[in-house]
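Examination of the molecular architecture
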Amino acid sequence: MKRAALAIIFAIAAALSTFPACSGGGLFTFLSVRIKGNGDGTVTAVAINEFTLFPSSVPVTLTLYRADAAGQGEATEIDSAYSADLDMGKSLQLTAETGEGGYFYAEIEYVAGGSARHIQCGTVYYDAGGNACTP
């Protein structure tokens with residue numbers, strides 16, 4: 001019975017490690033990226049390590065972008081932040097002024113399975129007050 005249970009555990013672990021977008025330094029890592037308007041003329045981008053199975057080092061770079069027009073082809077990097085190890089349950093964030101408003105999105109870059117991975121949140125239009133709206 002113990003051998004069967006161990007075989008099942010190892011099979012699950014092997015299956016989880018085959019998800020390249022989720023595997024990091026540990027066996028399994030789930031990261032997310034979000035952006036929000038603060039209603040005070042600023043927007044905040046947040047990267048969160050939602051879950052990591054087994055201890056690992058998860059280096060993450062969070063970058064905030066702004067564009068004058070819809071679409072991300074001509075976006076400008078506003079700011080970035082780095083964590084050498086974004087532990088489970090921890091977050092990395094940065095805040096920037098909206099200026100006269102524009103289209104904003106955030107992206108995280110991390111290493112999984114020896115190669116760089118990217119996760120990007122959706123693009124949102126924020127007015128000069130930092131409120132999400134349609135232009």
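Residues numbered from 1 in each chain as written. Predicted model: local features only at pLDDT ≥ 70, side-chain atom pairs only at ≥ 80, totals over all residues. Heavy atoms only, no water.

**Some details on the side chain of Asn 49**
Within the secondary structure, Asn 49 is located in strand S2 (residues 42-53). At a separation of 2.9 Å, a polar atom in the side chain of Asn 49 contacts the side chain of Thr 52. Apart from the residues within four sequence positions on either side, Asn 49 is in contact with Thr 29, Phe 30, Leu 31, Val 58, Leu 86, Asp 87, Met 88, Gly 89 and Lys 90. (Helix = DSSP H or I, 4+ residues; strand = E, 2+ residues; numbered from the N terminus. Polar contact = N/O pair within 3.5 Å; in protein donor to acceptor, adjacent residues only side chain to side chain. Contact = heavy atoms within 4.5 Å.)

**Brief notes about the pairing of S2**
Most of S2 sits inside the fold, with 9 of its 12 residues counted as buried. Taken together, the 10 bridges between strand S1 (residues 28-37) and S2 define a ladder with antiparallel strand orientation. Directly across from Lys 36, in S2, lies its bridge partner Thr 44. Between S1 and the antiparallel strand that follows it, S2, lie 4 residues; Gly 39 among them carries a positive phi value of about 70°. Pairing between S2 and strand S5 (residues 91-97): 7 bridges, direction antiparallel. When the bridges of S5 are listed, Val 43 appears paired with Ala 96. (Buried < 20%, exposed > 50% of the residue type's maximum accessible area, 1.4 Å probe, protein only. Pairing = 2+ DSSP bridges.)

**Looking at a nonpolar patch on the surface**
Together, Phe 30, Phe 51 and Met 88 give the surface a local cluster of nonpolar side chains, amounting to about 280 Å² of exposed area. As for its placement among the helices and strands, Phe 51 is situated in strand S2. According to the relative accessible area criterion, Phe 51 is partly exposed, its value standing at 34%. (Patch = residues over 30% accessible without salt bridge, like charges linked within 9 Å, V, L, I, M, F, W, Y side chains within 5 Å. Areas by Shrake-Rupley, 256 points an atom, 1.4 Å probe, with all protein chains shown as cover. Salt bridge = Lys/Arg side-chain N within 4 Å of Asp/Glu carboxyl O.)

**Details of the sheet that holds S5**
Here we have 3 strands laid out as an open sheet, ordered S1-S2-S5, and antiparallel in their pairing. The two strands at the open ends of the sheet, each matched to only one other strand, are S1 and S5. On average, each strand axis in the sheet is tilted by 10° relative to the strand beside it, whichever way the strands run. (Axes fitted to C-alpha atoms, helices over the stretch in contact; angles between N-to-C directions.)

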